[in-house]
Amino acid sequence: YGSKYHLAQPRGVDVGGLNFTVSWGFLEDDNETEISQSEISNHKVIKYEKTFHQNNLLLLSISVLESDDRIDLDDINDGSWQQKSINGVDGLFKTEPVNYGTWNKTFDRYCFSYMKEGRIVMLECDKMNIIAEIVE
């Protein structure tokens, strides 16, 4: 069955003009796509971001970075990322500890970034298999 709080199937979402399939268990946060401007390695970028949640703990964030300049993954690698391939897509990967203060426990948040149609896609999730479902 499906409702606003329990979606019956995966669905497509648009972030910065790119389409992604999000797992059935994730609800889109009430905010629209957040758009911000910043600078990465002397490149002015526009960042489009959508966030989702499954419960109070599990988070999914999809960001798309675009620039008028030629930007690539090396521009975001501050030395904390490792090269990794997911579903045949080469990119950069890292794990970050996240502390949930309510329970005073630390969980891993997985981050994978890759190039898609000349833009950088950044995925963050508390479950690695969700990232693997999104990367095509």
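As shown above, the structure is provided for reference.
Residues numbered from 1 in each chain as written. Predicted model: local features only at pLDDT ≥ 70, side-chain atom pairs only at ≥ 80, totals over all residues. Heavy atoms only, no water.

Caption draft 1: Inspection of the overall build of the chain at higher detail. If you tally the helices and strands in the chain, you get one helix and ten strands. Written out in order from the N terminus, the α and β elements of the chain read β-β-β-β-β-β-β-β-β-β-α. Taking all 136 residues of the chain together, 40% fall into the buried category. Contacts in the chain between residues far apart in sequence, at least 24 positions, make up 43% of those at least 6 positions apart. (Helix = DSSP H or I, 4+ residues; strand = E, 2+ residues; numbered from the N terminus. Buried < 20%, exposed > 50% of the residue type's maximum accessible area, 1.4 Å probe, protein only. Contact = heavy atoms within 4.5 Å.)

Caption draft 2: Inspection of the pattern of salt bridges at higher detail. Evaluation of the coordinates by the stated rule reveals four salt bridges. Across the pair Glu-117 and Arg-119 runs a salt bridge, and its minimum N-O distance is 3.8 Å. A single network of salt bridges, built from pairs that share partners, joins Glu-66, Glu-117 and Arg-119. (Salt bridge = Lys/Arg side-chain N within 4 Å of Asp/Glu carboxyl O.)

Caption draft 3: Seen up close, the environment of Leu-65. Within the fold, Leu-65 resides in strand 6 (residues 59–67). Judged by its relative accessible area of 1%, Leu-65 falls in the buried class.

Caption draft 4: Molecular detail of the environment of Gln-54. For Gln-54, the location among the structural elements is in the loop between strand 5 (43–53) and strand 6. The spatial distance from the C-alpha of Gln-54 to the C-alpha of Gly-25 is 5.8 Å, given a sequence separation of 29 residues. With residues near it in sequence (within four places) discarded, Gln-54 still touches Gly-25 and Phe-26.

Caption draft 5: Layout of the packing of aromatic side chains. The tally for this structure, following the rule as stated, stands at two aromatic pairs. Centre to centre, the rings of Phe-93 and Tyr-110 are 6.2 Å apart; their planes meet at 20 degrees, and the pair counts as stacked. Note that Phe-93 is positioned in strand 8 (residues 89–100) and Tyr-110 in strand 9 (residues 105–116), a separation of 17 residues in sequence. Looking at Phe-93, the relative accessible area reads 12%, which means it is buried. We note Lys-116 situated over the ring of Phe-20; from NZ or CZ to the ring centre the distance is 4.6 Å. (Phe/Tyr/Trp six-rings, centres within 6.5 Å; stacked < 30°, edge-to-face > 60°. Lys NZ or Arg CZ within 6 Å of the ring centre and 35° of its normal.)

Caption draft 6: Up close: the nonpolar core. One finds Phe-20, Phe-26, Leu-60, Ile-62, Tyr-114, Leu-123 and Val-135 to be the most contacted residues of the largest nonpolar core, which totals 24 residues. Residues Ile-40, Val-45, Leu-65 and Leu-73 belong to the second largest nonpolar core, which totals ten residues. (Core = buried A, V, L, I, M, F, W, Y, C linked by side-chain atoms within 4.5 Å.)

Caption draft 7: Quick peek at the pairing of strand 6. Direction of pairing for strand 5 relative to strand 6: antiparallel, over a ladder of nine bridges. Bridging across to strand 6, Lys-50 finds its partner in Ile-62. Taken together, the six bridges between strand 6 and strand 10 (residues 119–125) define a ladder with antiparallel strand orientation. Across the sheet, residue Val-64 finds its bridge partner in strand 10, namely Val-121. (Pairing = 2+ DSSP bridges.)

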